[in-house]
Number of protein chains: 4
Amino acid sequence: MSLKLGVIGTGAIGRDHIRRCSQTLLNSQVVAVTDINLEQAAKVVADLQIGAEVYPDGHALINSAHVEALLVTSWGPSHEEFVLAAIAAGKPVFCEKPLAVTADGCRKIVEAEVAHGKRLVQVGFMRPYDEGYRALKAVIDSGQIGEPLMLHCAHRNPSVGENYKTDMAITDTLIHELDVLRWLLADDYVSVQVVFPRKSSKALAHLRDPQIVLLETAKGTRIDVEVFVNCQYGYDIQCEVVGETGIARLPEPSQVQMRSGAKLSNAILMDWKDRFIAAYDVELQAFIDGVRAGQVSGPSAWDGFAAAVAADACIEAQNSGQIVKVGLPDRPAFYR
Amino acid sequence: MSLKLGVIGTGAIGRDHIRRCSQTLLNSQVVAVTDINLEQAAKVVADLQIGAEVYPDGHALINSAHVEALLVTSWGPSHEEFVLAAIAAGKPVFCEKPLAVTADGCRKIVEAEVAHGKRLVQVGFMRPYDEGYRALKAVIDSGQIGEPLMLHCAHRNPSVGENYKTDMAITDTLIHELDVLRWLLADDYVSVQVVFPRKSSKALAHLRDPQIVLLETAKGTRIDVEVFVNCQYGYDIQCEVVGETGIARLPEPSQVQMRSGAKLSNAILMDWKDRFIAAYDVELQAFIDGVRAGQVSGPSAWDGFAAAVAADACIEAQNSGQIVKVGLPDRPAFYR
Amino acid sequence: MSLKLGVIGTGAIGRDHIRRCSQTLLNSQVVAVTDINLEQAAKVVADLQIGAEVYPDGHALINSAHVEALLVTSWGPSHEEFVLAAIAAGKPVFCEKPLAVTADGCRKIVEAEVAHGKRLVQVGFMRPYDEGYRALKAVIDSGQIGEPLMLHCAHRNPSVGENYKTDMAITDTLIHELDVLRWLLADDYVSVQVVFPRKSSKALAHLRDPQIVLLETAKGTRIDVEVFVNCQYGYDIQCEVVGETGIARLPEPSQVQMRSGAKLSNAILMDWKDRFIAAYDVELQAFIDGVRAGQVSGPSAWDGFAAAVAADACIEAQNSGQIVKVGLPDRPAFYR
Amino acid sequence: MSLKLGVIGTGAIGRDHIRRCSQTLLNSQVVAVTDINLEQAAKVVADLQIGAEVYPDGHALINSAHVEALLVTSWGPSHEEFVLAAIAAGKPVFCEKPLAVTADGCRKIVEAEVAHGKRLVQVGFMRPYDEGYRALKAVIDSGQIGEPLMLHCAHRNPSVGENYKTDMAITDTLIHELDVLRWLLADDYVSVQVVFPRKSSKALAHLRDPQIVLLETAKGTRIDVEVFVNCQYGYDIQCEVVGETGIARLPEPSQVQMRSGAKLSNAILMDWKDRFIAAYDVELQAFIDGVRAGQVSGPSAWDGFAAAVAADACIEAQNSGQIVKVGLPDRPAFYR
């Protein structure tokens, strides 16, 4: 029996998840959709030829008896409201990042879920589902490089549009590293610092690009993340873990090796979707499988909260130039 | 509506395909199984907790009204009989390699399918479904290395058991290259030659290992395939295409790059199943999707026949040491 | 006509340079040696079968009419005295690093050389003579990666002995990066910061290892250098230059690629001498050629001074944990 | 005391060797030169500012009391005569390849040298002096890949001029592999075969390009060498040695790794001189050092003869399409 899903938000990512659940994943069926623009919602249903009902709003959809679990893919500021409503309805909910646009909003969701007494929320961080990161974690966890001491990371995009602002290097870009590195190391951030290198002439006037974010973890591991969103040459995600006895590096995407034009080369991806598309499938399948098995796992509301707290500290560090403490409360037993 | 599959043969690969169809692939359901050992068939049904009926023999299963399409994963010598029966019943059939144990058997299947008037048969050659080979073919087809002139290939296994004989280097090992390289080049073989290098001391007394197979295609492309099934170090599949203006090489499997113990290294797989496991999923899903869409594609009975004719020539070349012509008849319009 | 060299200090590096000048390089002849241990000096002369005279002390050697140019390879604290004496004698002098053990000592040498009016001093920084760094600089200078914005570097040794103290990570190890990165970028440091990651359990109790040094240049380029002298796995020097439009990385030493034991691997060097041995030859040949042509080039007394000033700032940053300004005076016209 | 060299032939390679001996190598001095064009010889002496005397012809130069050793860099067909004259004069001689233009000519030189009773001849095969091939041989000789069973090689040039004919793929191109692979394996060829793949459209009408040469050694090792002299993309020398337990591959030239324009790339050389320039220095220095030490080593007249015999067999195999035996006589004790 397929899991009956309701989807709130039928923009680009919502539509893509609906297609994924309908055509690619096992045991899932989208039975209900809604959007602030109901015509668009209806169009997506028609385009993808799924027999889903269009609901007038998110709350109606959440409370429909036909809907067993929710995907929240609406505008970021509306996430908190819909996730809280899902928890109130006792229904499992997969929420695209951000879980909420403020750390305080995340905290409220954490509290609601704890009060509910059972995990219902999975946050849409897909990198822990990427095969490369999983292989990297397996190497770390095997002990073959000893304890991790340092991580050298880079998050590079070919270019960004005019609406991309300096703080989005944290909230839209670094947020993925803030999530995946916590998971990779099973550790938490205690301080952050941001430095601004010489600005690239390829970046628009209003944007400070690149940036380097320095993170310190509770165990003392030091992480440097280069965020460079106008690097021109490709979408390139690097992660090198320096351990006591060796170094492990995130695999490069597998490519045909070429010899031509006086170059020995492998293609570098230009589009972030190509890099993580398989991880999206795995991530959502895990949610569906988890709900059907009665046990939501994956990135939790606490993980969403922890990432939000760290992101807030990074933005403060962007502005102050100082080393900023990350004030994450103790982790509730519920999330251990 | 899931495709209702009947599976003939519940040995290792049969069982694996049943699991795949039941748990991993979309829109498929195994409703019927049989095996020469009926107890084993029943055990597989029980172990995998699928509600499939155990049939007394292949023909009963093929002709069951509950079965829409067949998987033939029985003992090689029985393939021809079951595939012919499936064609007679007008049912789509996925047959594990070999399509038949003789080229003549393959020819009969080709003739039966042509007489039937519609493609029903897909042969279990999985390499054309491997992401790496597909990327390599895309590079060739794009024209960016010009016309292919030479291929340098290797098929290496760590070791083989006592039952592996010299001719199995062709029928069990090279057979994959015989299939995939035809597909890669959209070309046919016209001559073959086999040379025996110095024998490895790691090979058992009765086995000539390694071997080098030299193939010539209709377009004049020259292919050398090293077959080395006791190479000790790993399961390693190499394919380098030398074109007029550049060279393209099959991607290495993506691995964590390590620096440790005075070595910069990437792991090499040891087990062939790890190398092509994803291709098995894609291959069978393609069969299921094709049947549901009314159009079987993928490696055809003709492809199985062509591979068998080439394999026969290779075995003759092993014995004679001479350059042997490959006498493939003209391709019927049906398979163009 | 060979250049007649006098060598002060016949310890390990002195002896190696004597052998180099006598057996490997063109147009050089060691005619005079001395050491605080005269017996050792005599032994080196005898061992290497060179017809050099043993002088009672450095000053006698410097002022000998038979000596045209000097190599100072004595104990670090004695460098300043001998270099100043060489300048006073108007003789070209190649001084192993450090030029002097204090920035003030370096400054005095700079002033003496400027007063003399002609370049006489070359400091023994060999990395600018390494083929890999030269290739990297050629790429940067070609403009093909745009302006350099960030450098990610690592200096790793397998292990160090008990006498290696925390500040030697700066004075003995980082000093090479402090020199070569200024040269690579044609830029100067304006601030430094040092952070201490979680300590490796492989480091002795008294040593903080690894360390990360963050450097800012006058042009705004940001550099991070990981210094990790107990990394176990190899002697590994990494340098990645992130430019506006691309990235260039220091070549790995050329190695035989191996496939064995389930690994695709290249050897990593374990001994720093193997990594830079060719650069020592090129460096000293450049000194010899320069002196013979009447024009000493290569790393100057000013470069030695600038590295010393930056090193002092790094040590202050180790102790304070703060961002420390690098107070390098304006570069004299003499050194432009 | 420098070795006093006489050089016969001041064309491109002769001039380059004169420069090398005069400016780069240790302990050598060119004191005599000659050429069929005496004006050119005089011009080279003037251009390079060496104090060498111009002799009226090769024989006068060989017999001059001022000349201790010879470099023969004249037109190929004249090599035999000058080498024989050098042996008659009892003087060490470095002869650029070919040693003689016929195997018979090589044999006469071998006989003359054996009759003389001491090695005087070194043939200008430089690849055994290449650092990469030496590293590869060290791996083979260490036993870490077991006995070599197969070699997969390629010799690729971007393009060749109109005067390059099909047999020159053997005499000018493959000749380097014929030499270096004998040395690498310490083995001799017993049979050869040549196959012609589909011709590249980039090759001129009269030229068959590419070619594949298949060699069998006395120990049974099988070698395939792709010769492709219009490959467009670069000058690329590949050599992969497949042993019983592992594979070793000739190092790629060390290059800056680039990330730019959606490619992760390393430059490939376009000019063969860049690839082996260091090997020329080492090769000639070895000759000079050998003569001064009274012991010429390096590629011998026998090696030149063996390469010539194998080349003759390859040309016969080009014409016949058959497997051709290589009829090398037993090696004289003198050359063991």
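For every chain, the first residue of its written sequence is number 1, and the numbers climb from 1 along that sequence. Chains carry letters from A onward and ligands carry numbers from 1 onward, assigned in written order. In keeping with the model being predicted, local features are shown solely for residues with a pLDDT of at least 70 and side-chain atom pairs are shown and tallied solely at 80 or more, while totals for entire chains, interfaces and linings include all residues. For the side-chain quantities, the full set of heavy atoms in the structure was used; hydrogens and water were omitted.

Note the cut-off: UniProt positions are given in the numbering used here, feature names are shortened, and annotations may be inferred rather than shown by experiment.
An unreviewed UniProt entry lists chain A under the name Inositol 2-dehydrogenase, with Pseudomonas mucidolens given as the organism. You can read under Function (unreviewed entry) in the UniProt record for chain A the words "Involved in the oxidation of myo-inositol (MI) to 2-keto-myo-inositol (2KMI or 2-inosose)." As recorded by UniProt, the Catalytic activity (unreviewed entry) comment attached to chain A reads in full: "myo-inositol + NAD(+) = scyllo-inosose + NADH + H(+)".

## Some remarks on the interface of chain A and chain C
Our working rule: For this analysis, residues touch if any pair of their heavy atoms sits within 4.5 Å. A 1.4 Å probe defines the accessible area here, and the buried area is the portion of it lost by two parts on being joined, summed over both. Every case where a carboxyl oxygen of Asp or Glu lies within 4 Å of a side-chain nitrogen of Lys or Arg is listed as a salt bridge. Secondary structure elements follow DSSP: runs of H or I of four or more residues count as helices, runs of E of two or more count as strands, with numbering from the N terminus.
Across the boundary between the two partners, chain A contributes 38 residues, which contact 38 residues of chain C. Together chain A and chain C conceal approximately 2,800 Å² of surface at their shared face, both sides included; 58% is due to carbon and sulfur atoms. Summed over the three residues of chain A that lose the most area to chain C, namely Arg198, Arg222 and Glu244 of chain A, the buried surface amounts to 24% of that side. There are 4 salt bridges connecting chain A and chain C. The partner of arginine 156 of chain A in a salt bridge is glutamate 240 of chain C, with the nearest N and O atoms 3.8 Å apart. Of all the secondary-structure elements, those providing two or more residues to the side of chain A that touches chain C are β7 (148-156), β8 (189-195), β9 (211-217), β10 (222-228), β11 (236-243) and β12 (246-249) of chain A.

## Details of the side chain of serine 300 of chain A
All names here are of chain A. Put simply, the rule reads: In protein, a polar contact means a hydrogen-donor-capable atom and an acceptor-capable atom, both N or O and within 3.5 Å, with residues adjacent in sequence counting only if both atoms are side-chain atoms; elsewhere, any N or O pair within 3.5 Å suffices.
Along the chain, the position of serine 300 falls in the loop between α8 (272-292) and α9 (301-320). Among the polar contacts made by the side chain of serine 300, one reaches the main-chain amide nitrogen of tryptophan 302 at a distance of 3.2 Å. With near-sequence residues (within four places) excluded, serine 300 lies in contact with Arg119, Val121, Val123 and Tyr335.

## With respect to the UniProt feature "domain: Gfo/Idh/MocA-like oxidoreductase N-terminal" (unreviewed entry) in chain A
Taking the UniProt record as the reference, the feature "domain: Gfo/Idh/MocA-like oxidoreductase N-terminal" (unreviewed entry) is found at residues 4-125 of chain A. Each end of residues 4-125 of chain A is marked by a C-alpha atom, and these two atoms are 22 Å apart; helix forms 43% of the span and strand 20%.

## Some points on the state of the cysteines
Inclusion rule: In this description, a disulfide is simply a cysteine sulfur pair whose atoms lie within 2.5 Å.
Per the counting criterion, the structure on display carries 0 disulfides over all chains. The thiol of cysteine 239 of chain B is unpaired, and the distance to the nearest cysteine sulfur, on cysteine 153 of chain B, comes to 3.9 Å.

## Thoughts on the sheet that holds strand β1 (residues 3-8) of chain A
As a general point, the strands of a sheet are linked pairwise by backbone hydrogen bonds and lie either parallel or antiparallel. Residue and element names in this part refer to chain A. Short version of the rule: Strands were regarded as paired on the criterion that DSSP finds at least two bridges between them. Each axis is a line fitted through C-alpha atoms, and for a helix only the stretch in contact is used; angles between axes span 0 to 180 degrees, taken between their N-to-C directions.
Taking strand neighbours across the sheet as the criterion, the 6 strands line up as β3-β2-β1-β4-β5-β6 in an open arrangement whose pairing is parallel. Sheet topology places β3 (53-54) and β6 (121-123) at the edges, where each strand pairs with a single neighbour. Pairing of β1 with strand β4 (residues 69-72), which is carried by 4 bridges, proceeds in the parallel orientation. Its bridge partner being in β4, valine 7 is matched across the sheet by leucine 71. Sitting on the sheet, helix α1 (residues 12-24) touches β1, β2 (28-34), β4 and β5 (93-95), and the angle it makes with β2 is about 150 degrees.

## Here's the deal with the sheet that holds strand β2 (residues 28-34) of chain D
Taken in spatial order, the 6 strands line up as β3-β2-β1-β4-β5-β6 (chain D) in an open sheet, and their pairing is parallel. The open sheet has two free edges, formed respectively by β3 (53-54) and β6 (121-123) of chain D, since each of these has just one partner strand.

## Quick notes on the domain arrangement of chain A
Residue and element names in this part refer to chain A. Note the threshold: Residue ranges assigned to the domains are those given by an automatic or database domain assignment. When residues are sorted by character, Ala, Val, Leu, Ile, Met, Phe, Trp, Tyr, Cys and Pro go into the nonpolar class, Asp, Glu, Lys and Arg into the charged class, and all the rest, Gly among them, into the polar class.
Each assigned domain of chain A is listed with its residue range as follows: domain 1 (3-125 + 278-300) and domain 2 (128-271 + 321-335). Distance between the C-alpha centres of domain 1 and domain 2: 27 Å. The interface is formed by 16 residues belonging to domain 1 together with 9 residues belonging to domain 2. Summed over both partners, the interface of domain 1 with domain 2 buries about 1,100 Å², with 73% contributed by carbon and sulfur atoms. Among the residues of domain 1 in contact with domain 2, Lys97, Val114 and Phe125 are the three that bury the most area, contributing 44% of the side total. Viewed at the interface, domain 2 and domain 1 are joined by 0 salt bridges. Where domain 1 touches domain 2, the interface holds 2 residue pairs in polar contact (both at pLDDT 80 or more). Contributing elements (two or more residues each) for the side of domain 1 that touches domain 2: α5 (103-116) and α8. For the side of domain 1 that touches domain 2, the residue count by class is 7 nonpolar, 4 polar and 5 charged.

## Thoughts on the pairing of strand β5 (residues 93-96) of chain B
For a regular strand, side chains alternate in direction, first toward one face of the sheet and then toward the other. Residues and elements named next belong to chain B. To keep it simple, the criterion reads: Each residue is assigned to one of three classes by its accessible area relative to the maximum for its type, calculated with a 1.4 Å probe on protein chains only: buried under 20%, partly exposed between the two thresholds, exposed over 50%. Classification remark: right-handed applies to a crossover when, strands pointing away from the viewer, the course from the first strand over the helix to the second runs clockwise.
Every second residue of β5 is oriented toward a common face, with Val93 and Cys95 on one face and Phe94 and Glu96 on the other, all of them buried. Sheet topology places strand β4 (residues 69-72) next to β5; 3 bridges connect them, and they run parallel. Note that in β5 the partner of leucine 71 across the bridge is phenylalanine 94. In this view, the connection linking β4 to its parallel neighbour β5 by way of helix α4 (residues 79-89) has right-handed handedness. Relative to strand β6 (residues 121-124), β5 runs parallel, the two being bridged by 4 bridges. Across the sheet, glutamate 96 pairs through a bridge with glycine 124, a residue of β6. Traced from β5 through helix α5 (residues 103-116) to β6, the parallel crossover comes out right-handed.

## Considering the relation of the copies chain A and chain C
Let me state the cut-off plainly: Residues below a pLDDT of 70 in either copy are left out; the C-alpha atoms of the rest, at least 70 in both, set the least-squares superposition of the copies.
When chain A is brought onto chain C, the operation consists of a screw motion whose angular component is 180 degrees and whose axial shift is 0.0 Å, with 0.1 Å RMSD remaining. In the structure described here, the two chain copies are related by an operation that fits a two-fold rotation axis.

## Considerations on the pairing of β11 of chain A
Residues and elements named next belong to chain A. Burial analysis of β11 places 8 of its 8 residues in the buried class, the great majority of the element. Side chains of β11 alternate between two faces, with Asp236, Gln238, Glu240 and Val242 and Ile237, Cys239, Val241 and Gly243 buried alike. Note: β7 against β11, 8 bridges, orientation antiparallel. Within the sheet, the bridge partner assigned to proline 148 lies in β11 and is glycine 243. Counting the residues between successive antiparallel strands, the hairpin from β11 to β12 contains 2 residues.

## Structural notes on the UniProt feature "domain: Gfo/Idh/MocA-like oxidoreductase C-terminal" (unreviewed entry) in chain A
The feature "domain: Gfo/Idh/MocA-like oxidoreductase C-terminal" (unreviewed entry), as annotated in UniProt, sits at residues 137-326 of chain A in this numbering. Counted over residues 137-326 of chain A, helix gives 34% and strand 28%. Its end C-alpha atoms are 24 Å apart.

## Digging into the interface of chain C and chain B
Each side of the interface is counted separately: chain C has 16 residues, and chain B has 16 residues. When chain C packs against chain B, the two sides together hide about 1,300 Å² of surface, and 54% of this comes from carbon and sulfur. Among the residues chain C hides against chain B, the three largest losses belong to Arg259, Ala262 and Leu264 of chain C. Together they make up 44% of the total. At the boundary of chain C with chain B, the tally comes to 4 salt bridges. For arginine 259 of chain B, the salt bridge identified is with aspartate 236 of chain C, shortest N-O distance 2.8 Å. Going through the elements one at a time, β11 (236-243), β13 (257-260) and β14 (263-267) of chain C are the ones with two or more residues in the side of chain C that touches chain B. When residues of the side of chain C that touches chain B are assigned to their parent elements, the largest contribution, 5 residues, is made by β14 of chain C.

## Regarding the environment of alanine 89 of chain D
Residue and element names in this part refer to chain D. Within the secondary structure, alanine 89 is located in the loop between α4 (79-88) and β5 (93-95). Judged by its relative accessible area of 29%, alanine 89 falls in the partly exposed class. Apart from residues no more than four positions distant in its own chain, alanine 89 is found in contact with Ile62 and Asn63.

## Topic: the pattern of salt bridges
For the structure shown, the criterion picks out 91 salt bridges over all chains. Linking glutamate 111 of chain A and arginine 107 of chain A is a salt bridge whose minimum nitrogen-to-oxygen distance equals 2.5 Å. In this pair, glutamate 111 of chain A and arginine 107 of chain A are both assigned in helix α5, 4 residues apart and thus about one turn of the helix distant. The exposure class assigned to arginine 107 of chain A is partly exposed, which follows from its relative accessible area of 28%. Among the salt bridges present, the one from glutamate 252 of chain B reaches arginine 259 of chain C, with a minimum N-O distance of 2.8 Å. Of the two residues, glutamate 252 of chain B is situated in the loop between β12 (246-249) and β13 (257-260) and arginine 259 of chain C in strand β13; the pairing between them involves two chains.

## A look at the relation of the copies chain C and chain B
Rotating chain C by 180 degrees and translating it 0.0 Å along the rotation axis places it on chain B, where the RMSD comes to 0.1 Å. Both copies present the same face, since 100% of the interface residues in chain C are matched by interface residues at the equivalent positions in chain B.

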